[in-house]
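Inside the fold
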Amino acid sequence: MNKAYNFSAGPAMLPADVMTKMQSELLEYGNSMASVMEISHRGLDFMEMSQRMEQDLRDLMDIPNNYKVLFMQGGASSQFSMLPINLLRGKSIANYVNTGQWSVKAIAEADRYCDVHICTDSHSNGYTDIADFDDWSIDDNGAYLHYTPNETIAGLEFDYVPEVDMPVAADMSSTILSRPCDVSKYGVIYAGAQKNIGPSGLTVVIIRDDLIGRVIKKQPVLFDYSTQANNNSMYNTPSTFPWYAAGLVFQWIKDSGGLTNMAKVNKEKSQQLYTKIDDSDFYSNPINPRYRSWMNVPFVLADGSLDKLFLEKSYNANLLALKGHKSVGGMRASIYNAMPLEGVKALIEFMSDFEKQYG
Ligand SMILES: *Cc1c(COP(=O)(O)O)cnc(C)c1O
């Protein structure tokens with residue numbers, strides 16, 4: 001097999017050590033005489049594994065005891081609906097921050113259940129910048145404030161947590177575990193797994209326990225956080241293989257120096273790539289430097305007619321999935337935790353060579 005660096009936005013690459021470990025124990029998990037995909041989620045082997053997985057995540061993120069960790073299905077997209085259903089708690093207004101296309105989807109879903117108050121809207125600057133927090137409008141009657149710490153498509157990332165007098169809900173799908181996080185500043189954190197946690201099919205929800213249990217009447221039982229909170233996330237059959245894989249990723253992060261070290265490496269990776277982009281007239285990135293994402297780095301070529309060639313040649317150089325989102329065009333390098341610094345260096349070298357040849 002050729003060694004390739006995979007820049008996919010999600011499902012994204014997994015750490016090589018995790019893949020090797022999965023391969024080595026695929027046919028038999030522990031001494032169970034069966035694959036982890038074939039054993040009961042109620043059996044001792046799986047229960048032990050899932051308890052360790054939750055504890056590892058709690059250790060990594062230093063999650064306070066009054067927060068529940070739920071392992072769910074349905075992706076971040078189903079959380080767009082679960083949030084208003086669970087968090088409105090008798091109120092009729094919710095505050096939403098619009099910094100990109102995932103914000104827009106969360107807003108559209110909340111709009112089915114309540115009056116959405118838009119605190120700030122980056123649509124007018126093409127999702128390249130975030131207005132100063134002091135200039136936001138926040139409705140004090142809102143039940144909660146929702147925002148997207150990292151907008152995966154444009155590569156726009158907050159460098160702070162908005163502080164308001166109501167629970168803050170955050171869609172951390174593409175930035176969870178990329179750096180230390182003060183969980184106590186949030187009411188709810190949620191993330192689809194397929195960017196920084198593991199394979200798709202698992203959704204992690206971290207929620208302050210007092211926010212659970214006041215769901216809008218007559219909603220599906222699985223859309224009530226208390227259903228999974230009261231059943232160790234096993235009200236119904238969990239996505240067992242993604243749970244297992246996530247557990248290995250958590251162990252890998254712990255063994256790699258935890259979130260402090262992830263942050264150090266992620267910062268370095270993104271800085272090197274942005275420096276390459278900024279130092280050239282051939283590549284550009286339009287995001288306000290303060291809010292540039294550490295995880296998703298979009299860039300366009302000065303001459304868009306070279307896009308196809310860039311993609312062909314980069315693919316042949318074993319640099320995969322660099323095509324940008326269709327709404328932004330150009331390229332996007334997603335450089336989540338699993339992408340080593342050498343992968344980013346290989347991309348930078350390729351970009352320099354390509355520029356020399358065609359710039
Ligand atoms: C990928 C992504 C989603 C969508 O997640 P699904 O698991 O496909 O529902 C939502 N929000 C953000 C910020 C994302 O990056």
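Source: prediction; values computed, not measured. (Residues numbered from 1 in each chain as written. Predicted model: local features only at pLDDT ≥ 70, side-chain atom pairs only at ≥ 80, totals over all residues. Heavy atoms only, no water.)

Brief notes about the overall build of the protein
When helices and strands are tallied, the protein shows nine helices and 14 strands. Considered along the principal axes of its C-alpha atoms, the protein spans approximately 60 × 55 × 30 Å. Residues counted as buried form 54% of the 359 residues belonging to the protein. The contacts in the protein between residues at least 6 apart in sequence include a share of 67% that link residues at least 24 apart. (Helix = DSSP H or I, 4+ residues; strand = E, 2+ residues; numbered from the N terminus. Buried < 20%, exposed > 50% of the residue type's maximum accessible area, 1.4 Å probe, protein only. Contact = heavy atoms within 4.5 Å.)

Observations regarding the domain arrangement of the protein
As far as domains go, the protein holds domain 1 (29–255) and domain 2 (258–358). Contacts between the two partners involve 28 residues from domain 1 and, on the opposite side, 24 residues from domain 2. A buried area of about 2,300 Å², summed over both sides, lies between domain 1 and domain 2, and 56% of it is on carbon and sulfur atoms. In this structure, the connection of domain 1 to domain 2 is made through one salt bridge. Here Asp-159 ties to Arg-290 by a salt bridge, and the two come within 2.9 Å at their closest N and O atoms. Where domain 1 packs against domain 2, one counts 16 residue pairs in polar contact (both at pLDDT 80 or more). Elements that contribute at least two residues to the side of domain 1 that touches domain 2 include exactly helix H2 (44–61), strand E7 (156–157) and helix H6 (240–255). Top contributing element to the side of domain 1 that touches domain 2 by residue count: H6, with three residues. Across the side of domain 1 that touches domain 2, the residue classes tally to 13 nonpolar, nine polar and six charged. (Domains from an automatic or database assignment. Buried area = accessible area lost by both parts, 1.4 Å probe. Salt bridge = Lys/Arg side-chain N within 4 Å of Asp/Glu carboxyl O. Polar contact = N/O pair within 3.5 Å; in protein donor to acceptor, adjacent residues only side chain to side chain. Nonpolar A, V, L, I, M, F, W, Y, C, P; charged D, E, K, R; others polar.)

With respect to empty space enclosed by the protein
Following the criterion strictly, the structure yields one cavity of 30 Å³ or more and no others. What lines the largest cavity is a set of 13 residues, among which Met-13, Leu-14, Lys-195, Asn-196 and Ile-197 lie closest to the centre. When its residues are assigned to classes, the lining of the largest cavity shows eight nonpolar, four polar and one charged. (1 Å grid on protein atoms, 1.4 Å probe; cavity = no way out; pocket = protein on both sides within 12 Å on 5 of 7 lines; lining within 4 Å. Points joined across faces, edges and corners; volume = space filled by probe spheres on them.)

Observations regarding the packing of aromatic side chains
Applying the stated criterion to the full structure yields 20 aromatic pairs. Both rings, one in Phe-71 and one in Trp-243, keep their centres 5.3 Å apart while their planes meet at 50°; by these two values the pair is tilted. Of this pair, Phe-71 sits in strand E2 (residues 67–72) while Trp-243 sits in helix H6, and the two are 172 residues apart along the sequence. Side by side, Phe-71 and Trp-243 carry an identical accessibility label, which is buried. Seen in terms of ring centroids, Phe-133 and Tyr-160 are 6.2 Å apart; in terms of plane orientation they differ by 70°. Their pairing is edge-to-face. Of the two residues, Phe-133 sits in the loop between strand E4 (115–121) and strand E5 (145–147) while Tyr-160 sits in the loop between E7 and strand E8 (168–171), which places them 27 residues apart along the sequence. For the cation-ring pair, Arg-179 lies above Trp-294, with the distance from its terminal atom to the ring centre recorded as 3.8 Å. (Phe/Tyr/Trp six-rings, centres within 6.5 Å; stacked < 30°, edge-to-face > 60°. Lys NZ or Arg CZ within 6 Å of the ring centre and 35° of its normal.)

Topic: unusual backbone geometry
Across the junction of Gly-10 and Pro-11, the peptide omega takes the value -5°, indicating a cis bond. Within the secondary structure, Pro-11 sits in the loop between strand E1 (5–6) and helix H1 (16–24). In the Ramachandran plot, Leu-177 falls in the positive-phi region, its phi being about 70° despite a non-glycine side chain. Looking at where Leu-177 falls in the secondary structure, it is placed in the loop between E8 and strand E9 (188–192).

Regarding the packing of helix H7 (residues 258–278) against helix H9 (residues 341–358)
Interhelical geometry of H7 versus H9 gives an angle of 5° and a closest axis separation of 9 Å. Classified by the interaxial angle, the pair formed by H7 and H9 is roughly parallel. Judged by residue contacts, Glu-268, Lys-269, Gln-272, Leu-273, Lys-276 and Ile-277 of H7 engage Leu-341, Val-344, Lys-345, Leu-347, Ile-348, Met-351, Ser-352 and Glu-355 from H9. Classifying every residue of the contact of H7 with H9 gives seven nonpolar, two polar and five charged. (Axes fitted to C-alpha atoms, helices over the stretch in contact; angles between N-to-C directions. Parallel < 35°, antiparallel > 145°, perpendicular 65-115°, else oblique.)

Remarks on the environment of Gln-101
Within the element layout of this structure, Gln-101 appears in helix H4 (residues 101–110). Residues Gln-101 and Tyr-127, 26 residues apart in the sequence, show an inter-C-alpha distance of 8.6 Å. In contact with Gln-101, not counting residues within four places along its chain, are Tyr-127, Glu-151, Ile-153, His-325 and Ser-327.

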